[in-house]
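Descriptive analysis of the structure
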Amino acid sequence: MIYPVIWQNNQAILIDQTRLPATSTTVAIDTYNAMANAIKTMIVRGAPAIGVAAGYGMYLGAREIDTENKAQFLQKLEAIAQHLRQTRPTAVNLFWAIDRQLQTAHQHSGPVAEIKATLLETAQQMQAEDVATCQAIGDHGLTALPQTPEQLTLLTHCNAGALATAGYGTALGVVRSLWRENRLQRVYADETRPRLQGAKLTAWECVQEGIPVTVISDNMSAHCMQQKLIHAVVVGADRIAANGDTANKIGTYGLALIAQAHQVPFYVAAPLSTIDFKLKSGAEIPIEERDTTELYQVGETRLCPDGVDFYNPAFDVTPAHLITGIITEKGVVNPGDLEHLK
Ligand code: MRU
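Residue indices begin from 1 for each chain and proceed along its sequence in written order. Restriction of local features to residues with pLDDT of at least 70 applies here, the model being predicted, together with a cutoff of 80 or more for giving and counting side-chain atom pairs; totals for whole chains, interfaces and linings are based on all residues. Heavy atoms from the whole structure form the basis of all side-chain values; hydrogens and water molecules are not counted.

Only DSSP runs of H or I with at least four residues qualify as helices, and only runs of E with at least two residues qualify as strands; both kinds are numbered from the N terminus onward. Assigned secondary structure in the chain consists of eleven helices and 16 strands. A globule of 342 residues ought to have a C-alpha radius of gyration of about 20 Å, and the chain, at 20 Å, matches this closely. Burial status across the chain gives 56% buried among its 342 residues. Of the roughly 14400 Å² of accessible surface on the chain, 50% is carried by carbon and sulfur atoms. The charge count treats Lys and Arg as positive and Asp and Glu as negative. His and the chain ends do not count. Charge coordinates come from a single atom per side chain, which is NZ of Lys, CZ of Arg, CG of Asp or CD of Glu. Treating the 26 positive side-chain charges of the chain as one cloud and the 34 negative ones as another, the clouds have centres 1 Å apart. Each radius of gyration reported is based on C-alpha atoms, and the globular scaling rule is 2.2 Å times the count of residues to the power 0.38. Only protein chains enter the accessibility calculation, which uses a 1.4 Å probe; a residue is then buried when its area is under 20% of its type maximum, exposed when over 50%, and partly exposed in between. Surface exposure here means Shrake-Rupley accessible area, sampled with a 1.4 Å probe, where a residue is shielded only by the protein chains that are shown.

See below:
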């Protein structure tokens, strides 16, 4: 199994996702500042993986606080939380994990040293829970997806795989479970401009496990659906509002519209922790804008002429009515029924 974050020798070891697939290497993180930087620069990325990384970031920060006074400790921990919160705005898992760690610290009645130890345990617990959650999502995908006499061909966008979680993946968790059950023929992976998480990361994961994968550029999905090459689309999520509107990697909304036009079912695979019940609709989800060099520069080469303006939103919101079902660790939910789960 691929694990993007592991805890070893008192530090977090991250797979450096900015260097895949050309170079398979890791980065050792032993301060909260280094962890914040790794999240911001996308050494670690994908909503649940960001959450797990932030959980360890909170422990690393707590470890650096040099006081036995509990009130002072909690005050400094809040500043560390605030620093980690500034890294990426869209994936709710980041805020969820930070808040869970803060709550753990506040509720603990023991001395500071014990609180620190509990924060490490909680980070490890969140990591283990996420792997189990993804496996459950994958297995619920088996019943959610169309039962066809032939093996399924799925299309996915970005990377919602083991690399984007603590392990196994959400959308790719469904892919892995179908593959295990001999129900999958092939995955089509959108390359996912501008950062190419599909071409680089999803393709890399599939190759690691021998899952047949075809990379297409983002503008080919309508053609593939028209050609009846795709049975269903399965994507991950960064944040789901209470009404089922779902933020995911830029391009997901367009894909959902294309799927609807071709009557291809469109599934979101995500843990319940990705649902943000505080937000009534997707219009309230903060959308990250990233550095525009991602759009016009490949390596050292500039693709566009000088004098051009750029716009680089990293996520978009797919309205709930375009989503056939949300595959969670507890089962498949109609996006319109999320409020009942609350
Ligand atoms: O910008 P990224 O690479 O962090 O975006 C990742 C995605 O959009 C994923 O689809 C999402 O986080 C779900 S990961 C299980």
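Between its first and last C-alpha atoms helix α7 (residues 197–209) spans 17 Å; for 13 residues at 1.5 Å apiece the expected length is 18 Å, and the two agree. Ala203 marks the point of greatest bend in α7, at about 25 degrees. Within α7, burial applies to Gln197, Gly198, Leu201, Thr202, Ala203, Trp204, Glu205 and Cys206. Once α7 ends, the next one or two residues include Gly210, with phi positive near 70 degrees. Given the number of residues in a helix, its expected span is that number minus one, multiplied by 1.5 Å. A residue's bend is given by the angle between axes fitted to the 7 residues ending at it and the 7 residues starting at it.

So, on to the sheet that holds strand β1 (residues 5–8). Reading across the sheet, the three strands line up as β1-β2-β3 and stay open at both edges, with antiparallel pairing between neighbours. Here the strands that pair on one side only, and so sit at the sheet edges, are β1 and β3 (26–29). Between one strand axis and the next, the sheet turns through 25 degrees on average, direction left out of account. In this structure, β1 lies alongside strand β2 (residues 11–15), joined through four bridges in antiparallel fashion. Bridge pairing in β2 links Trp7 to Ala12. Contacts: residue pairs with any heavy atoms within 4.5 Å of one another. Convention adopted: a line fitted to C-alpha atoms gives each axis, helices being fitted over their contacting stretch, and angles between N-to-C directions are expressed from 0 to 180 degrees. Along the sheet, helix α2 (residues 47–64) contacts β1 and β3; its crossing angle with β1, the most-contacted strand, is approximately 30 degrees. The rule for pairing is simple: two strands pair if DSSP sees at least two bridges between them.

As a further point, take the environment of Asn312. Within the secondary structure, Asn312 sits in the loop between β13 (301–302) and β14 (315–318). On the accessibility criterion, Asn312 (4% relative accessible area) is buried. Considering only alpha carbons, one finds Asn312 and Ile50, 262 residues apart in sequence, at a separation of 20 Å. Beyond its immediate sequence surroundings of up to four residues, Asn312 is in contact with Pro194, Glu288, Glu289, Arg290, Asp291, Thr292, Glu294 and Leu295.

Core analysis: the largest hydrophobic core is formed by 42 residues, its most contacted members being Met35, Phe73 and Leu77. For this core, the secondary-structure elements that each account for two or more residues are β1, β2, α1 (32–40), α2, α3 (70–85), α4 (92–107) and α5 (112–144). By residue number, the principal contributor to this core is α2, which donates eleven residues. Non-local contacts of Phe73, meaning those with residues more than four positions away in its chain, are made with Ala62, Ile65, Thr67, Val112, Ile115, Lys116 and Leu119. Residues grouped as a nonpolar core are buried Ala, Val, Leu, Ile, Met, Phe, Trp, Tyr and Cys residues, joined through side-chain atoms within 4.5 Å.

Right, let's talk about the domain arrangement of the chain for a bit. What the domain assignment reports for the chain is domain 1 (5–133) and domain 2 (147–341). With centres defined by C-alpha atoms, the gap from domain 1 to domain 2 works out at 25 Å. Residue-level contacts link 27 residues of domain 1 with 28 residues of domain 2. A simple way to read buried area is as the amount of 1.4 Å-probe accessible surface that goes missing from two parts once joined, with both sides added. Of the roughly 2300 Å² buried where domain 1 meets domain 2, counting both sides, 57% is carbon and sulfur surface. Counting the surface domain 1 buries against domain 2, the share from its top three residues, Arg45, Thr90 and Val92, is 26%. By definition, a salt bridge exists where a carboxyl oxygen of Asp or Glu is found within 4 Å of a side-chain nitrogen of Lys or Arg. If you look at where domain 1 meets domain 2, you find one salt bridge. Close ionic contact of Arg88 with Glu288 constitutes a salt bridge, the shortest N to O distance being 2.8 Å. N or O atoms within 3.5 Å of each other form a polar contact, as long as, within protein, one can give a hydrogen and the other can take it, and as long as residues adjacent in sequence are counted only when both atoms are side-chain atoms. Across the domain 1-domain 2 interface, the total number found is twelve residue pairs in polar contact (both at pLDDT 80 or more). Breaking the side of domain 1 that touches domain 2 down by element, the ones donating at least two residues are α2, α4 and α5. Under the convention adopted here, Pro, Cys and the residues Ala, Val, Leu, Ile, Met, Phe, Trp and Tyr are nonpolar, Asp, Glu, Lys and Arg are charged, and Gly plus all remaining residues are polar. Of the residues contributing to the side of domain 1 that touches domain 2, the split by class is 14 nonpolar, nine polar and four charged. Segmentation into domains, and thus their bounds, comes from an automatic or database assignment.

Moving on, we get to the site of the ligand. We call a residue near a molecule or strand when any one of its heavy atoms sits within 4 Å of it. Neighbouring residues of the ligand: 19 residues in total, closest Ala47, Arg88, Gln197, Asn248 and Lys249. A distance of 2.9 Å separates an oxygen atom of the ligand from a polar atom in the side chain of Arg45. The separation between an oxygen atom of the ligand and a polar side-chain atom of Arg88 is 2.8 Å. Contact with the protein chains covers 99% of the free accessible surface of the ligand, which is 410 Å². Here the term cavity refers to a set of points on a 1 Å grid, laid over the protein atoms alone, in which a 1.4 Å probe fits but cannot get out; the term pocket refers to an open set having protein on both sides within 12 Å along at least five of seven lines, with lining residues being those that place an atom within 4 Å of a point. Being in a pocket or cavity means that more than half of the molecule's atoms lie within 2 Å of its grid points. According to the grid-proximity analysis, the pocket containing the ligand is the largest cavity. Secondary-structure elements contributing two or more residues to the shell around the ligand are α2 and β9 (246–249). Residues belonging to the shell around the ligand are distributed by class as follows: eight nonpolar, seven polar and four charged. Viewed by domain, the shell around the ligand spans two of them, domain 1 (5–133) and domain 2 (147–341), each represented by three or more residues.

Take the pairing of strand β4 (residues 152–156) next. In terms of residue burial, β4 counts as a mostly covered element, since five of its five residues are buried. Residue alternation in β4 divides its side chains into two sets, Leu152, Leu154 and Thr156 and Thr153 and Leu155, and both sets are buried. Of the pairings in the sheet, the one linking β4 to strand β5 (residues 184–190) comprises five bridges and is parallel in character. Looking at the pairing, Leu154 lines up with Val187 of β5. For the handedness criterion, the strands are oriented away from the viewer, and a crossover whose path from the first strand over the helix to the second runs clockwise is classed as right-handed. Read as a crossover between parallel neighbours, the route from β4 over helix α6 (residues 171–180) to β5 is right-handed. Here β4 runs beside strand β7 (residues 232–235); their pairing, made up of two bridges, is parallel. Directly across from Leu154, in β7, lies its bridge partner Ala232.

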